Amino acid sequence: MYSPRCLLSGLVLMLAAATLSFSQSNDTVMQQALSASSPLQENLRVLADEIGGRVPGTPAFEKAQQWAIAAFKQAGADSVHTEEFTIPQSWTEGETQVDVVAPVEFRVHAVSVAWIAPVPPTTSRVIDVGMGSAAEFAKAGDITGAIVLVHSKVLDTWDDLFDEYFRAPDIIARSVKGKALLIAFTSSRPYDILYRHINTLSGKMDVIPQVLLAREDALRISRLIAHGEKVQMSVSLPNVVGPAITSHNVIAEIKGSELPNEVVIFGAHLDSWNLGTGALDNGCNAALVIDTVRAIKVSGVRPRRTVRFILFSGEEQGMFGSLAYVRAHRKDLDNVVAEVVLDAGDGAITGFSTGGRKDIDAALAPLLQSFAALKATEITNDAALGTDNYDFMIEGVPTILPNQETANYLINYHATSDTFDKVDFAQLKKNEAITAELMLELANLPQRLGPRLTRAQIEATFPETHLDDEMKGFRVWDQWVDGSRGRAQ
């Protein structure tokens, strides 16, 4: 007969048996992470259900910030504080309305892409440009004043998600060059699931209006066009654009007992889009980071180095919180031993990527043997852009990003369906057990994991990681080139 208590006991025994190198104290940390009495689930319920979607600059984010401060204190952190930064502009979606008005009439399920200027009620012809390649735009002909309909592939893998982001800049550029009125992207999720993307990471409004259409509606429009119908569509985007946003990162610490000036950072982002309630992206990991404080404190372990827990804001708009942090603390980055960030829902951790840092593999590998029973020992050297590891990585700080199974993350990513009921708490606790143990291992290493890289050394990783291609795909390459982002020397 299935018993949660028996399952928990079995997990603890499995973890304890995974390696003889576990210390008794660290085993206690993992048990605490797996504990049935952990407040992790209730903490997330409050964040997701009682606060909901958390866009910086909104009352919901302010409530989330207070939630985080109180939860860190309740978890037993030695100190808790906030650090302020700004995002260049604020944005709120109005009552988006999209309708096909000819040759038939029907309401289209749609949302505005984020950081898009308002568009008054406007009607125009719709031109299908397929997947938005240069050849397909050329075949479409004159798009002046038109709404261009862009197809998508149903999201299935991490590569599919990155491709969706990477295709957008060229599609936007072709649409602007052709003087299109608006871009209508097709949802990459079935069943009328809508989600919120942003295609500018500058914090300022994007260069052309964009909407996301429910997949079923977009395909209906495409079929009408394919059968020779001249489709007309009416669009109204009464979005509200405001002044700069003041937001805050929430920072807690467990002070190191021997090397308090050397720091291991454990982070996740607290903000979310607001179509759903941000449970998988990234509330579950914000709650996990907070609960790791509790697990370490209750275990009685005092790490040699300081462990700094950061819940970043402004991640969804362009990693503004982590960018602000590295700029404010640039003089102290030499003292950051490593940064670990969680931002991929609750999928099982299979190992960790190092952002191209092959030089730290030998030091990291023994630490991961603690997780052999959970099959989370694989080290990869790929480099990922798109979450709060990025600015630490391009400042030369060793970054360790969990590789995770997709689980149910992709279909719910940024979506109306990203809600509390989607979270697998048994797996989330396993992830906490792994990352809590890793934080202690990093904090207690006899020697540091690896040095901070110079600019030249960071660039030397690009041929293998293709991080430069990712930067170009996300339109942040110029910031690296002009030195406004990343290590100067």
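How each quantity is defined
Residues numbered from 1 in each chain as written. Predicted model: local features only at pLDDT ≥ 70, side-chain atom pairs only at ≥ 80, totals over all residues. Heavy atoms only, no water. Helix = DSSP H or I, 4+ residues; strand = E, 2+ residues; numbered from the N terminus. Expected span 1.5 Å × (residues − 1). Buried < 20%, exposed > 50% of the residue type's maximum accessible area, 1.4 Å probe, protein only. Contact = heavy atoms within 4.5 Å. Lys, Arg positive; Asp, Glu negative; His and termini not counted. Salt bridge = Lys/Arg side-chain N within 4 Å of Asp/Glu carboxyl O. Polar contact = N/O pair within 3.5 Å; in protein donor to acceptor, adjacent residues only side chain to side chain. Core = buried A, V, L, I, M, F, W, Y, C linked by side-chain atoms within 4.5 Å. Pairing = 2+ DSSP bridges. Axes fitted to C-alpha atoms, helices over the stretch in contact; angles between N-to-C directions.

A. Region of the structure containing helix α7 (residues 215-226). In a regular helix each residue adds 1.5 Å, so 12 residues correspond to 16 Å; α7 covers 16 Å between its end C-alpha atoms and thus fits that length. Taken residue by residue, α7 has Arg-215, Asp-217, Ala-218, Ile-221, Ser-222 and Leu-224 as its buried positions. Downstream of α7 by a residue or two, Gly-228 has a phi angle that is positive, lying close to 90°.

B. Quick peek at the environment of Thr-454. Tracing the chain through its elements places Thr-454 in the loop between α13 (425-444) and α14 (455-460). By relative accessible area, which is 31% here, Thr-454 ends up partly exposed. For Thr-454 and Arg-294, which are 160 residues apart along the polypeptide, the C-alpha to C-alpha distance reads 36 Å. With near-sequence residues (within four places) excluded, Thr-454 lies in contact with Arg-487 and Gln-489.

C. Seen up close, the side chain of Glu-316. Along the chain, the position of Glu-316 falls in the loop between β14 (305-312) and α9 (320-328). Despite its burial, Glu-316 pairs with no opposite charge, the nearest such side chain being Arg-54 at 8.0 Å. Within the structure, the side chain of Glu-316 is placed 3.0 Å from the side chain of His-414, a separation counted as a polar contact. Not counting the four nearest positions on each side in its chain, Glu-316 is found in contact with Ile-198, His-269, Asp-271, Ser-272, Trp-273, Asp-281 and His-414.

D. Region of interest: the nonpolar core. Residues Phe-309, Leu-311, Leu-438 and Leu-442 are the most contacted members of the largest nonpolar core, which totals 101 residues. Among the elements that take part in this core, helix α8 (residues 279-299) stands out by supplying 11 residues, more than any other. Here Leu-438 is in contact with Val-340, Phe-352, Leu-364, Leu-367, Leu-368, Phe-371 and Ile-400, once residues within four sequence places are set aside. Listed in part, the 22 residues of the second largest apolar core include Leu-182, Leu-224, Val-235 and Leu-237.

E. The sheet that holds strand β4 (residues 106-108), seen in detail. With mixed pairing, the eight strands of this open sheet are ordered in space as β4-β3-β10-β6-β7-β8-β9-β5. With one partner strand each, in any of the chains shown, β4 and β5 (110-112) form the two edges of the open sheet. With direction set aside, neighbouring strand axes in the sheet form an average angle of 30°. In this sheet, strand β7 (residues 147-150) lies alongside strand β6 (residues 119-128) in parallel orientation, the contact comprising three bridges.

F. Here's a closer look at the sheet that holds strand β17 (residues 378-380). Strand order in the open sheet formed by eight strands is β1-β12-β14-β13-β15-β18-β16-β17, and the pairing between neighbours is mixed. Only two strands of the sheet have a single neighbouring strand rather than two, namely β1 (79-87) and β17. Averaged over all pairs of adjacent strands, the angle between strand axes in this sheet comes to 25°, irrespective of strand direction. Pairing of strand β15 (residues 336-341) with strand β18 (residues 399-404), which is carried by two bridges, proceeds in the parallel orientation. What sits directly across from Glu-339, in β18, is Thr-399. Taken strand by strand, helix α4 (residues 59-75) contacts β1, β12 (245-254) and β14, and its axis lies near 10° from that of β12. Relative to the sheet, α8 contacts β12, β13 (259-269) and β14, its axis offset from that of β13 by approximately 150°.

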